[in-house]
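# Results of the structural survey
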Amino acid sequence: MADPKSPLADDEPAHFAGEEGGEENATPAKNLAAASVVALLGIVAMVLSTQMLVPDTLATAPGLLPFLTGAGLVLMALGLAAKAIRGGALHGGRTRPNPEHWFGVTENRRTLLIGTIVFAYIMAVDAVWFEFDIPLGIFDLPFSSFEALSTLALLVIMKIFWGASVLRCAIVALLFSMALANVFRFGFGILLPGAA
Amino acid sequence: MIVDQLLLALSPLMLGVCLAGVTLGILWGAMPGLSTTMAMALLIGLSAGMEQYVALMFMLGVYTGSVFGGAISAVLINIPGTPDAVPTMIEGHPLAQRGEGGQALGTAIAASFIGNWVGIVLMIALIPILLSLALEFRSWEMFLLSMWGIAISGTMASGEMPLKGWISGWIGLLIAFVGLDDIHGVPRFSFGNELLEDGISYVPILIGLFGLTEIMRVLSQDSPTGIPSKVGRVVPPMATLRKFAWTAVRSGLIGTVIGAIPGAGANVASFLSYDIARRRAKPEERAKWGKGSYEAIISAEVANNANIGGSMLPTLALGIPGNAAAAAILAALEMKNVVVGPMIEFENPGLIQFVYIALIIANFLMYGMAIALIKPCVKLFSLPRTVLLPLIIPMCVIGSFAVNLNYFDVYVMFAAGIIGYILRRFGFPLAPMVLAVILGPLADENMRRALLVFEDETIWFVLKQPIGTILLVVVTLTFYDGIFRRGR
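Residues numbered from 1 in each chain as written. Chains lettered and ligands numbered in written order. Predicted model: local features only at pLDDT ≥ 70, side-chain atom pairs only at ≥ 80, totals over all residues. Heavy atoms only, no water.

Let us now look at the overall build of chain B. When helices and strands are counted, chain B shows 23 helices and two strands. By its C-alpha atoms, chain B is 70 × 55 × 45 Å across when sized along the principal axes. Relative to its 488 residues, chain B shows a buried fraction of 67%. Residue pairs at least 24 apart in sequence account for 80% of intrachain contacts in chain B once pairs closer than 6 positions are excluded. Only carbon and sulfur atoms are counted for the fraction: they give 67% of the accessible area of chain B, which is about 16,400 Å². Charged side chains in chain B number 29 positive and 30 negative. The centres of these two groups are separated by 17 Å. (Helix = DSSP H or I, 4+ residues; strand = E, 2+ residues; numbered from the N terminus. Buried < 20%, exposed > 50% of the residue type's maximum accessible area, 1.4 Å probe, protein only. Contact = heavy atoms within 4.5 Å. Areas by Shrake-Rupley, 256 points an atom, 1.4 Å probe, with all protein chains shown as cover. Lys, Arg positive; Asp, Glu negative; His and termini not counted. Charge placed at Lys NZ, Arg CZ, Asp CG, Glu CD.)

Proximity of charged atoms lets side chains of opposite charge pair with each other. Residues and elements named next belong to chain B. In this structure the tally under the stated criterion is ten salt bridges over all chains. Of the charged contacts, one joins Arg278 and Asp275 as a salt bridge, the two residues approaching to 2.6 Å between their closest N and O atoms. Highlighted residues: Arg278 and Asp275, both in helix α13 (residues 266–280), separated by three residues, approximately one helical turn. Summarising the burial analysis for this pair, Arg278 and Asp275 share the class buried. Among the salt bridges present, the one from Asp444 reaches Arg448, with a minimum N-O distance of 3.0 Å. Taken together, the residues span about one helical turn, with Asp444 and Arg448 both in helix α21 (residues 431–453) at a distance of four residues. (Salt bridge = Lys/Arg side-chain N within 4 Å of Asp/Glu carboxyl O.)

On to the packing of helix α3 (residues 36–47) of chain B against helix α16 (residues 324–335) of chain B. Residues and elements named next belong to chain B. Put simply, α3 and α16 touch, their axes get as near as 8 Å, and they point 5° apart. In terms of orientation, α3 and α16 fall into the roughly parallel class. For the pair α3 and α16, contact is made by Thr36, Thr37, Met40, Ala41, Ile44 and Ser47 and by Ala324, Ala325, Ala328, Ile329, Ala331, Ala332 and Met335, respectively. Looking at the contact of α3 with α16 residue by residue, the classes come out as ten nonpolar, three polar and no charged. (Axes fitted to C-alpha atoms, helices over the stretch in contact; angles between N-to-C directions. Parallel < 35°, antiparallel > 145°, perpendicular 65-115°, else oblique. Nonpolar A, V, L, I, M, F, W, Y, C, P; charged D, E, K, R; others polar.)

This part takes up the domain arrangement of chain A. Size of an interface, as often reported, equals the accessible area lost when the parts are brought together. Along its sequence, chain A is organised into domain 1 (26–90) and domain 2 (99–187 + 192–196). For domain 1 of chain A and domain 2 of chain A, the distance between their C-alpha centres works out to 39 Å. (Domains from an automatic or database assignment.)

Turning our eyes to something else, we now look at the environment of Val338 of chain B. Residues and elements named next belong to chain B. Assignment of secondary structure puts Val338 in the loop between α16 and α17 (344–347). Among the residues examined, Val338 registers a relative accessible area of 2% and is labelled buried. As a C-alpha pair, Val338 and Gln52 span 286 residues in sequence and 8.6 Å in three-dimensional space.

Turning our eyes to something else, we now look at the packing of helix α5 (residues 86–97) of chain B against helix α15 (residues 294–318) of chain B. All names here are of chain B. Between α5 and α15, the shortest axis-to-axis distance is 9 Å and the interhelical angle comes to 150°. For the element pair α5 and α15, the recorded crossing hand is left-handed. Residues Pro87, Thr88, Glu91, Gly92 and Leu95 of α5 pack against Tyr294, Ala296, Ile297, Ala300 and Glu301 of α15. Classifying every residue of the contact of α5 with α15 by side-chain character gives six nonpolar, two polar and two charged. (Left-handed = near helix turned anticlockwise from the far one by under 90°.)

Listed per partner, the contact involves 90 residues of chain B and 82 residues of chain A. Both sides together, the interface formed by chain B and chain A hides about 7,600 Å², and carbon and sulfur atoms give 72% of it. Here chain B is connected to chain A by zero salt bridges. At the surface where chain B touches chain A, the tally comes to twelve residue pairs in polar contact (both at pLDDT 80 or more). Looking at which element gives the most residues to the side of chain B that touches chain A, the answer is helix α19 (residues 385–404) of chain B, with eleven residues. (Buried area = accessible area lost by both parts, 1.4 Å probe. Polar contact = N/O pair within 3.5 Å; in protein donor to acceptor, adjacent residues only side chain to side chain.)

Moving on to a negative patch on the surface. Together, Asp56 of chain A together with Glu455, Asp456 and Glu457 of chain B line one region of the surface with negative charge. Mapped onto the fold, Asp56 of chain A is located in the loop between α1 (28–50) and α2 (64–86). (Patch = residues over 30% accessible without salt bridge, like charges linked within 9 Å, V, L, I, M, F, W, Y side chains within 5 Å.)

Attention now goes to α16 of chain B. Residue and element names in this part refer to chain B. For α16, which comprises twelve residues, the first-to-last C-alpha distance of 17 Å matches the rise-based estimate of 16 Å (1.5 Å per residue) to within 8%. Of all twelve residues in α16, ten are buried; the element is thus mostly enclosed. Within α16, the full set of buried residues consists of Ala324, Ala325, Ala326, Ala327, Ala328, Ile329, Leu330, Ala331, Ala332 and Leu333. Structurally, α16 contributes buried residues whose contacts are with α3, α4 (52–76), α10 (202–219), α15, α18 (351–380) and α21. Regarding α16, its N-cap is Asn323, as a side-chain oxygen of that residue lies 3.2 Å from the backbone nitrogen of Ala325 further along. A positive backbone phi angle near 60° is found at Asn337, which sits one or two residues after α16. (Expected span 1.5 Å × (residues − 1).)

With that settled, consider the state of the cysteines. For the coordinates displayed, the defined rule picks out zero disulfides over all chains. Looking at the unpaired Cys169 of chain A, the closest cysteine sulfur is the one in Cys396 of chain B, lying at 20 Å. Note on Cys169 of chain A: relative accessible area 0%, which makes it buried. Its sulfur unpaired, Cys377 of chain B is 17 Å from the next cysteine sulfur, which belongs to Cys18 of chain B. Relative accessible area serves as the criterion here: at 0%, Cys377 of chain B is assigned to the buried category. (Disulfide = S-S within 2.5 Å.)

Moving on to the packing of aromatic side chains. Residue and element names in this part refer to chain B. Evaluated as defined, the whole model comprises 17 aromatic pairs over all chains. With centroids separated by 5.6 Å and ring planes inclined at 80°, the aromatic side chains of Trp140 and Phe454 adopt a geometry described as edge-to-face. With a gap of 314 residues between them, Trp140 in helix α7 (residues 139–158) and Phe454 in the loop between α21 and α22 (459–463) connect regions that are remote in the sequence. In terms of burial, Trp140 and Phe454 fall into one category: buried. (Phe/Tyr/Trp six-rings, centres within 6.5 Å; stacked < 30°, edge-to-face > 60°.)

What follows covers unusual backbone geometry. All names here are of chain B. The phi dihedral of Phe189 falls on the positive side, at around 50°, and the residue is not glycine. Note on Phe189: relative accessible area 12%, which makes it buried. Even without being glycine, Leu405 reaches a positive phi, approximately 50°. Structurally, the position occupied by Leu405 is in the loop between α19 and α20 (408–425). Accessibility expressed as a relative area gives 48% for Leu405, which makes it partly exposed.

See below:
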């Protein structure tokens, strides 16, 4: 993507970064590591494809396109590896991942934290189930495990990343979870996960 | 038929739904970190509870609104709401700092309105041609078209390293093959797991890749809160628009064509149009480029909005989504058992006309609501991303669960989110993967059918299929271009 802070010179062609860009994250060493994983994935796909049943001719074999896709991945991985090596992947010193360095980066630690909380939240919604009605006089407001667990998950994430007081985070989390659940439940007639 | 669709689209319910969609879209697009694709992916789940036309109207409203919405924060706080608003930010924010924020936003609104019109007109003109061509497609042609869609998406999405786009697409193909195969019912990559034998729905993958991945990416970074510049009066400057009318038309054409190419969306359209307009600008105008040029804003905003009509072209006529946002519309329609593609006019008569009318209505509403929502948006900018982004997590869970009412899909969404995050960290684009998951079954089934037809034929017989041979050349050229030109 063109650098937003530095407008291009008059005769300079725009740098084509594609729809999603992302090259800023890719070093030759990372590309070499990615190529190894992709090649392995391709080989596994090829092996599994050959083990699939062939009820009719080879032309209609269920494993045909998966095999070709796996082979394609291996070829592409070789191309990526060659490019990475030409870019100096083997000369930049150690290419093995360094967990100590990885955990030293704040962004990585935060990502891991978000991933862990989201996974725990998803597991909890799957495992815990309850629903009861809160009598409000004119009608009963349902409250299920989904709202409770969503409130808890949002509270934890907001407390960590937003940094406001627990009460403030809890109010925002509860109001949003209740509103979201009831919009889906009553507005769109969609069953919520964990609900009856 | 068109009158029926017009009356349906103009009913109070539909107008209300469209207005709600456009409003939500503008607000969503204006918030930095919340992209159009993320909105569209999350809406699939919401649309499960809506009637087919209501869902379509709502999604098209959000799509139209959110593509423009990115311009608001780009001009006022120097942070693009959506990635395609970066050129608008480069040009619009200096204008806002000089006290011309209202004029800059007025130009962006009018340019978006024009862009939408160009996209819609070209879509209406080109769909019948594309449909009549598509009716000639047999298995061989459909296979090649699907593979071209994945390949070109890889090329367009990843810029200078098409290999990475293709790898992303090929991984998507492997995901698409999971489950029982359509012809013989043989399990593939399911490892005896019954849940995997049902196959992997692409909706949770779309939500995971464009919802959860983005949350993890953006929330983990420090998020600066912009201080809005003074807006002033928002007036679309007609004299400026007349002055740069040719730029607007050219940008509209670029935006529509780019939109019709799978994998290339509003980002490519706005950057390409911005670059071409800069090269073709008069010297006195070019001198303003980068310091606040109205012509530049027009070039970018017309292109990214024309992209909407363009992206609907292959989606409706061929069943191949023009970009990830169009893929979400495709998914929502599939949930209603509406299969788009060459047979759309026979199987779902009136649907295409409804899309035309819905986009026109959404465009008019976008014009009005954009002017009305600028000031509320300024207030929204004070909301930190650390509050907004976590709120999307429960929406990802409900969205992926609502499609099949199967909790396994939520785990698929989570896995897709993690895989998407890792791929993005390694510089791999995600759109080709989504496209491949959608097109994989189509490619697989049609390739095997074609091979069966060609079983006892010579290679000359295969090459004598004119459309197939043209497509084969196009696929070959796409790989050639990626390997020998861009991939150098």
